[in-house]
Amino acid sequence: MGMVKAGLMAAMLSIGLVACGGGGGGDSPGGGSSDLYDAYNKVGAGQTYEQVRDIVGYDNNNGKIETPDLVRYDWIANKNTLEVTIFYVEVRKSGGVSGKAVGGPKGNFVVQY
């Protein structure tokens, strides 16, 4: 089951990268960009949304999806450039981070806990 979930998360990441070409904005506050790969490497199992937000440096800026059991928060940096990077974190309502994914010019990576 874990491989299926990781595959679905990777597919969603790929779709997100293709779909994010239009529109404006999507960078960190102040017009700069955040290294979402660095955030991906620092986020670990069981962390809260607040801990993840502090690691990234700003609130999720690319939406969220909520289910009865978890919330998936999305960040995007360098939107509308060749360096666009998307970072997803799944946070269980009773247990913290249960998965994460990042995709962009440095490659796509997915972890499920």
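Predicted, not measured: the structure shown is a model, and the values here were computed from it.

### With respect to the overall build of the chain
Alright, step 1. Along the backbone of the chain there are 3 helices and 5 strands.
Alright, step 2. Element order for the chain, N to C, with α for helix and β for strand: α-α-α-β-β-β-β-β.
Alright, step 3. Out of the 113 residues belonging to the chain, those deemed buried represent 38%.
Alright, step 4. Contacts in the chain between residues far apart in sequence, at least 24 positions, make up 50% of those at least 6 positions apart.
Alright, step 5. Approximately 5900 Å² of the chain is accessible, and the part contributed by carbon and sulfur atoms is 56%.

### What to know about the pairing of strand S2 (residues 70-77)
Alright, step 1. Judged by how many residues are buried, S2 sits mostly within the fold: 8 of 8 residues are covered.
Alright, step 2. Taking every second residue as pointing to the same face, both faces of S2 are buried, with Leu-70, Arg-72, Asp-74 and Ile-76 on one and Val-71, Tyr-73, Trp-75 and Ala-77 on the other.
Alright, step 3. Bridge count between strand S1 (residues 64-66) and S2: 3 bridges; the pairing is antiparallel. Looking at S2, one finds that Glu-66 is bridged to Val-71.
Alright, step 4. Turn length for the S1-S2 hairpin, with the two strands adjacent in sequence and antiparallel, is 3 residues.
Alright, step 5. Summarising the sheet, S2 and strand S3 (residues 85-92) pair through 8 bridges and their orientation is antiparallel. The residue bridging Trp-75 from the neighbouring strand is Phe-87, located in S3.

### Here we look at the packing of aromatic side chains
Alright, step 1. Enumeration over the complete set of coordinates arrives at 6 aromatic pairs.
Alright, step 2. Their ring planes at 35° and their centres at 4.2 Å tell us that Tyr-49 and Tyr-73 sit as a pair that is tilted. Here Tyr-49 is found in helix H3 (residues 49-56), whereas its partner Tyr-73 is found in strand S2, with 24 residues between them in sequence. Take Tyr-49 and Tyr-73: they sit in the same class, and that class is buried.

Definitions and limits used
Per chain, the residues get numbers from 1 upward, laid out in the order the sequence is written. In view of the model being predicted, local features appear only for residues whose pLDDT reaches at least 70, and side-chain atom pairs are presented and counted only at 80 or more, with totals across whole chains, interfaces and linings using the full set of residues. No hydrogens and no water enter the side-chain calculation; it runs on all heavy atoms of the structure. The secondary structure listing takes helices from DSSP runs of H or I that are at least 4 residues long and strands from runs of E that are at least 2 residues long, numbered from the N terminus. Buried residues are those whose accessible area, probed at 1.4 Å on protein chains only, stays under 20% of the maximum for their type, while exposed residues exceed 50% and partly exposed ones sit between those limits. Whether two residues touch is decided by their heavy atoms; if any such pair falls within 4.5 Å, the residues are in contact. Here the Shrake-Rupley method, with its probe set to 1.4 Å, supplies the accessible areas, and only the displayed protein chains count as covering residues. DSSP bridges decide pairing: two strands pair if at least two such bridges lie between them. Classification of ring pairs uses Phe, Tyr and Trp, with its six-membered ring standing for Trp, and accepts pairs whose centres are within 6.5 Å; under 30 degrees between planes counts as stacked, over 60 as edge-to-face, and the remaining range as tilted.

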